[in-house]
Amino acid sequence: QCTRPMEVVQRRRQRDEGAEHELATPPKVRRRLRAKTPDQPWRCEVRQVGTSKSASSKAAVAQGASKPRASQAQVMADIKAQLKEEALLQKASRAMQPQAVKGQLPCRQAEQDEIANHLRLAIRAGGSSKVLYVSGMPGTGKTASVLQAVERLQEGSKLKFAFVHVNAMCLGSPNAVYGEILGQLKSAGAESGPARRCAAGTAAEKLQAFFMRRQSNDLVVVLLIDELDCLATRNQAVLYRIFNWLTSLNHRMVMAAISNTMDLPERLLPRVSSRFDLVRVDFQPYKRDQIQEILQTRLASQNASKAFSPDTLKLCGARVAAGSGDIRKALQLCKRALELCQERKHVAAVGIEHLREAEKDLLHANPSVLAIHHLGVKARIYLLAVLLEMRRREAEAVVEKKISDRFAKLLESMWRRDCAEQGQNPSELELFRKHVAFIDEAGFIARRLEAMSLLSLQYRHREAEELEAQGSKAPLVLLHSLDIDDLAGALREAEKDPALQELIAGQVAA
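Residues numbered from 1 in each chain as written. Predicted model: local features only at pLDDT ≥ 70, side-chain atom pairs only at ≥ 80, totals over all residues. Heavy atoms only, no water.

A. Main features of the pattern of salt bridges. Considering all chains together, one arrives at 14 salt bridges under this definition. One salt bridge connects Arg336 with Glu339, and the closest N-O pair in it is separated by 3.0 Å. Here Arg336 and its partner Glu339 are both found in helix α12 (residues 327-343), 3 residues apart, which amounts to about one turn of the helix. For Arg336, a relative accessible area of 22% translates into the label partly exposed. Look at Glu339 and you get partly exposed, because its relative accessible area is 34%. Here Glu441 ties to Lys378 by a salt bridge, and the two come within 3.1 Å at their closest N and O atoms. (Salt bridge = Lys/Arg side-chain N within 4 Å of Asp/Glu carboxyl O. Helix = DSSP H or I, 4+ residues; strand = E, 2+ residues; numbered from the N terminus. Buried < 20%, exposed > 50% of the residue type's maximum accessible area, 1.4 Å probe, protein only.)

B. Inspection of the sheet that holds strand β3 (residues 220-226) at higher detail. Across the sheet, 5 strands lie side by side as β2-β3-β4-β1-β5; this open sheet has parallel pairing. Two strands in the sheet have a free side with no partner beyond their single neighbour: β2 (161-167) and β5 (277-283). Neighbour-to-neighbour, the strand axes of the sheet open up by a mean angle of 15°, direction not taken into account. Where strand β1 (residues 130-136) and β5 come together, 7 bridges link them in parallel fashion. (Pairing = 2+ DSSP bridges. Axes fitted to C-alpha atoms, helices over the stretch in contact; angles between N-to-C directions.)

C. Geometry of a nonpolar patch on the surface. Taken together, the side chains of Leu429, Phe432 and Val436 define a hydrophobic patch exposed on the protein surface, amounting to about 290 Å² of accessible area. With respect to the element layout, Phe432 can be found in helix α17 (residues 428-451). (Patch = residues over 30% accessible without salt bridge, like charges linked within 9 Å, V, L, I, M, F, W, Y side chains within 5 Å. Areas by Shrake-Rupley, 256 points an atom, 1.4 Å probe, with all protein chains shown as cover.)

D. Molecular detail of unusual backbone geometry. Of note, Cys107 is a non-glycine position whose phi angle comes to about 70°, a positive value. When you line up the elements, Cys107 lands in the loop between α3 (42-95) and α4 (109-124). Positive phi outside glycine occurs at Gln236, with the angle close to 55°. Turning to its location among the elements, Gln236 is positioned in the loop between β3 and α8 (237-244).

E. Fine view of the packing of helix α16 (residues 400-421) against α17. Packing of α16 against α17 leaves a shortest axis separation of 8 Å and a crossing angle of 130°. The pairing of α16 with α17 is recorded here as oblique in orientation. Crossing hand, α16 versus α17: right-handed. Between α16, through Glu400, Ser404, Asp405, Phe407, Ala408, Leu411, Glu412, Trp415 and Arg416, and α17, the contact on the second element is made entirely by Glu430, Leu431, Lys434, His435, Phe438, Ile439, Ala442, Gly443, Ile445, Ala446 and Arg447. Of the residues contributing to the contact of α16 with α17, the split by class is 10 nonpolar, 3 polar and 7 charged. (Parallel < 35°, antiparallel > 145°, perpendicular 65-115°, else oblique. Left-handed = near helix turned anticlockwise from the far one by under 90°. Contact = heavy atoms within 4.5 Å. Nonpolar A, V, L, I, M, F, W, Y, C, P; charged D, E, K, R; others polar.)

F. Structural view of the packing of helix α6 (residues 176-188) against helix α7 (residues 200-212). At a minimum axis distance of 8 Å, the contact between α6 and α7 shows a crossing angle of 50°. Taken together, the axis directions place α6 and α7 in an arrangement best described as oblique. With respect to the hand of their crossing, α6 and α7 are arranged in left-handed fashion. Along the contact surface, α6 presents Tyr178, Gly179, Ile181, Leu182, Leu185 and Lys186, while α7 presents Ala200, Ala203, Ala204, Lys206, Leu207 and Phe210. Tallied by class, residues from the contact of α6 with α7 come to 9 nonpolar, 1 polar and 2 charged.

Next up, the structure:
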């Protein structure tokens, strides 16, 4: 018992505060505390325990709440950075699409101006008997330049004309070109009647009559034939009939032709080549700086210039320019490098290692490359002769005789080197016999590679009298399922001879 009045007051105050704490405490917590301290006064103990634990718990909660908030902010910053990187790579991937950039074709301004000037003057004159012949290696911007020039004439000038664009590679047969031209003429309003399909012979007769009866006030027709090589039949009847339209008195037509072969007009029969005159526009393969500029322009158009490091673009331009200079090859490499970069998280830009890995993936994705690795030595040397002749002439088709001579010279040089190492000195007669044997062997290897779908042999068309006099034909050799870059890369990996590797890399004159 408390005898002093002050102690009584304190006891009552403690009792009242303990009751308040008990009421404020949840029932489960009160039962747990009673079970732990059954012999001690509840109200006094609750105050002591409650005050100490509540303070410590508040401090712990405050300290623990600050830590998750800091880590959560860091996580949000990482997520935003990752999303920004992914968005940048996606923009760069869109920029590498072939049709992503419209109205922009860097490094081809001189060719575009020449094409546009010819078309403009010919349309104003009401037609021309000269054919605009655009030639060059694949992927050098031929079709894009012509289409852009036509689009500018349609939009920016007051000239009115009907535009007909035919891609001969998309046709089922060369004779199908007549129906395609007739259908587009009817769709453009230059020819009356519904745009219904008709037989090839009927369409050819209708087109001949169409160009014969044209008037001076009729709409000028601009006819663009892409991949003209595909219309070259044995007797060249399709090309003769098309070019013969230009001999009509008032045809009111402007004709443009695009081909990957620069010497196609020289391989035409005289009766075909006499139908027209030529205006040549040659497209040279892209160089290293031009490829780099095109890639930078594409990336800048999508605000994705930081997606590639400058050294990566330089390496891409150098690799592609060392081969065919095909800009489509550069776009494929960059797009594959972007895919590899996206697979690896937390990578801000495409590096040189991504480009090299992409080059290997694209090269080994072609089954023809694997077939080259399993070829014999002489078959690989024949493909090397094909590569060297195509590089020298900057053409996709090379006469087989030129390749056979190059193949024989390569084998002769290797044979002489082996004889010198063995201390032998072959005579002129032995060299001649070896040369003849190598030439005969070249024809067999060419047919074997054609059967493997690595090469394609096409026959040039000459006059019938010449064919009958010689009794033979001169085939042209083309790559079937490879391009020059893929062929060079496959030979570079398969060939072990240092001298041949230098020829493949172009380090020595062939």
